[in-house]
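Residue strings, one per chain:
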Amino acid sequence: MEQEIGKSAKPKAKKEFAQGRLIDTYAAQCEKCHKWRVIDSQEEYEDIRSKMLEDPYHCEKKQGTSCEDPADIDYDASRTWVIDKPGVPKTPKGFKRSLVLRKDYSKMDTYYITPTGKKLRSRNEIAAFVEANPEFNNAPLGDFNFTVPKVMEDTLPPDAKLGSPVGATSTATSKKTPLKQTRD
């Protein structure tokens, strides 16, 4: 499926996320030609990802693009890639899904940022927030998904085991092997 690129808004949570370990690029892999296409926003990426199983991504879905055009981004070790699972639901309206790569590159953590700026780390916190804020009762609890993308070891920086992030990270998705990428 696709990956998000550098368009992430700063979260309004009390603690700022570690700079450089957020997803900065979203991309989707064409099912026909297997080229990666940069997706303009997290919202567009989530829409593509949520429908990937029923409606695979093709280059022609990006305006003015075809399989004949060069790839927008290459899967390589110039940035850390993570693979997202196709079919993960879109984030409920007003909330923001945030993925943060751990310092040791072992995995990503999923958080949801509420419209009020509060960072929620679990389904229990989401349920408590919705219960305390009835105006968000229309947000389906099943659409809050804490499934994390897989960190692609072949794209980790050489010093990743030292726990010092270097480079960029991207998130992407394809039907068979969804990916994410983020800048470090």
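Because the structure is predicted, anything quoted here is derived from the model rather than measured.

Trainee: Explain helix H2 (residues 123-132) to me, please; I cannot follow it from the model alone.
Mentor: Because an α-helix packs 3.6 residues into every turn, residues spaced three or four apart end up facing the same way. Residues Ile126, Phe129 and Val130 constitute the buried set of H2. Here the buried residues of H2 occupy an arc of 95° about the axis, which is enough to place them on one side. The exposed set on the far side of H2, more than 90 degrees from its buried face, consists of Asn124, Glu131 and Ala132. Tucked inside the fold, the buried residues of H2 contact strand S6 (108-113) and strand S7 (119-120).

Trainee: How should I be thinking about the packing of aromatic side chains in this particular structure?
Mentor: In this description, an aromatic ring pair is defined by two values, namely the gap between the centres and the angle between the planes. The full count for this structure, using the stated rule, is nine aromatic pairs. Taking the centre distance of 5.0 Å and the plane angle of 85° together, the rings of phenylalanine 95 and phenylalanine 144 count as edge-to-face. In this pair, phenylalanine 95 is assigned in the loop between strand S4 (79-83) and strand S5 (96-101) and phenylalanine 144 in the loop between H2 and strand S8 (150-151), connecting sequence segments 49 residues apart. Note on phenylalanine 95: relative accessible area 10%, which makes it buried.

Thresholds applied
- Residues numbered from 1 in each chain as written.
- Predicted model: local features only at pLDDT ≥ 70, side-chain atom pairs only at ≥ 80, totals over all residues.
- Heavy atoms only, no water.
- Buried < 20%, exposed > 50% of the residue type's maximum accessible area, 1.4 Å probe, protein only.
- Helix = DSSP H or I, 4+ residues; strand = E, 2+ residues; numbered from the N terminus.
- Arc of directions from axis to C-beta.
- Contact = heavy atoms within 4.5 Å.
- Phe/Tyr/Trp six-rings, centres within 6.5 Å; stacked < 30°, edge-to-face > 60°.

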